[in-house]
Amino acid sequence: MPPQTKALLAFVTFISSEIIAGGSIIADSECVNFTTLSDKSRSRFFSKNVTIDSDIYLKNWFAFNGSAGDLIATSCVESNHCGTSVPGWMLGRHPSVVEGVVRRFACFSQKQQCCVYSVSMRVRNCSSFYVYKLDSMPSSSVSFRMCGAGIKGVLSSVEKAINKSSGNSGDECSSYQSLEGRDRAADYFSYNTMKCDANLPRTWYRFTGPAGAVMPTHCVPKLHCGTLSPGWLNGKHPTVEERVVERMVCFTNNDDCCFWYSEVRVRNCSDFMVYNFGEFPASQPFCSLRYCGVGKTGCKDKHGNVFEVHQTWSPNPLINCTCLPGFKVECKKLKVVAGIALAMPLGMGRNGLAAASLNVSVLTNKFTASIFLDRLALMKMALPGAWH
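Residues numbered from 1 in each chain as written. Predicted model: local features only at pLDDT ≥ 70, side-chain atom pairs only at ≥ 80, totals over all residues. Heavy atoms only, no water.

Trainee: What is the right way to read the sheet that holds strand 19 (residues 312–316) from this model?
Mentor: Two pairing modes exist for strands in a sheet, parallel and antiparallel, and in both the strands are linked by backbone hydrogen bonds. Taken in spatial order, the three strands make up an open sheet running 19-20-21, and their pairing is antiparallel. Edge positions in the sheet fall to strand 19 and strand 21 (328–333), since each of these pairs with one other strand and no more. Taken pair by pair, the neighbouring strands of this sheet meet at an average axis angle of 30°, ignoring direction. As judged from the six bridges shared by strand 20 (residues 319–324) and strand 21, these two strands associate in the antiparallel manner. Counterpart to cysteine 321 in the pairing with strand 21 is cysteine 331. (Pairing = 2+ DSSP bridges. Helix = DSSP H or I, 4+ residues; strand = E, 2+ residues; numbered from the N terminus. Axes fitted to C-alpha atoms, helices over the stretch in contact; angles between N-to-C directions.)

Okay, structure coming up:
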């Protein structure tokens, strides 16, 4: 290889390991020299009431890995999570590789506020992972800790404890109070209605009626839901199999969608959700925070009931419907109801029809039996060759 070619390759190799930013070359040594934070107690889902050593000496570049997650948390982390009473998280998105080093803010939660303290920080995309560096510390008197995003699909210690203690009783699915006022709906707007849930008794609640069927899972603007600072569910609703899970309720303050927060336990009772709200972030008389229902936003059935995305319901015992993204409704026929097979083979014949008709007696609901017989008659007319 000619010397000129070798020199050119060496120059290209050098340049490829650099980032051109603002007319200057910034070395990418931060993608090589950094501290790895991988302990499970750094996960945003780690919720044991313990305090680990502060990150006051975390002054170099760092990255997350292992049980802590692969990224820094990018949404509000509750106090007493991540092994500290003052958890730190990043406000803003992660950069692309070509963006090089970018500036973001690190927020620190405390006393049910998501960003009591904030400092400037730097972030870099190192292609297969990210590195971070705090430009300063929030305060010499604050014992804080930077938190990882955790691992999706892994229940927190609180959720495991909840499910272990709750057993299979499911009392919350039959013993609850209803929140149904029209002014509690996320689409209700008023300059004059400033209600507060500070004195709401501690128990399980179900949203119903004009308030909607569930809590909204997106930011609700101020002056909605009959209050100045509406509360919405920050996280997805659980499946039936997940049983009781821990989530966060965020309260909007002006343009900040999650200025205050509170804990909430949520359970999917198959046809509806129930909620058990934790410590409220404000008290009377200076309170204008309230838990919101989804209101009219969502999928509707013929009776006007509202369902949020991924929620399911049964308009009758033979059909199961799901609310899909974009508020599209998908309904499917159930194969079995009360032990009777609905997806019957084409060669069933008259004897099979007679036997199925006799088995209808196991259905105690006359309406269900009527629907079943109607379906059989329709199938017979549509497929005359199958009935011999």
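Trainee: Whenever I open this one, the pattern of salt bridges confuses me. Can you help?
Mentor: One side chain can pair with another of opposite charge once the charged atoms of both are near each other. Enumeration over the complete set of coordinates arrives at 11 salt bridges. Linking aspartate 55 and arginine 42 is a salt bridge whose minimum nitrogen-to-oxygen distance equals 2.7 Å. In this pair, aspartate 55 sits in the loop between strand 3 (35–37) and strand 4 (62–64) while arginine 42 sits in the loop between strand 3 and strand 4, placing the two residues 13 residues apart along the sequence. An identical accessibility class is assigned to aspartate 55 and arginine 42; each is buried. The partner of lysine 236 in a salt bridge is glutamate 242, with the nearest N and O atoms 3.3 Å apart. (Salt bridge = Lys/Arg side-chain N within 4 Å of Asp/Glu carboxyl O. Buried < 20%, exposed > 50% of the residue type's maximum accessible area, 1.4 Å probe, protein only.)

Trainee: Any chance you could explain the nonpolar core here in plain terms?
Mentor: Soluble globular proteins tend to bury their nonpolar side chains together. Counting residues in each nonpolar core, the largest one holds 23 residues, and the members touching the most others are Phe207, Met215, Tyr275, Phe277 and Tyr291. Elements supplying a minimum of two residues to this core: strand 11 (204–207), strand 13 (244–253), strand 14 (256–268), strand 15 (273–277) and strand 16 (289–291). Once residues within four sequence positions are removed from consideration, phenylalanine 207 is found in contact with Leu179, Arg184, Gly212, Ala213, Val214, Met215, Tyr275, Phe277, Tyr291, Cys292 and Gly293. Of all hydrophobic cores here, the second largest spans 20 residues; its members include Leu37, Met121, Leu134 and Phe144. (Core = buried A, V, L, I, M, F, W, Y, C linked by side-chain atoms within 4.5 Å. Contact = heavy atoms within 4.5 Å.)

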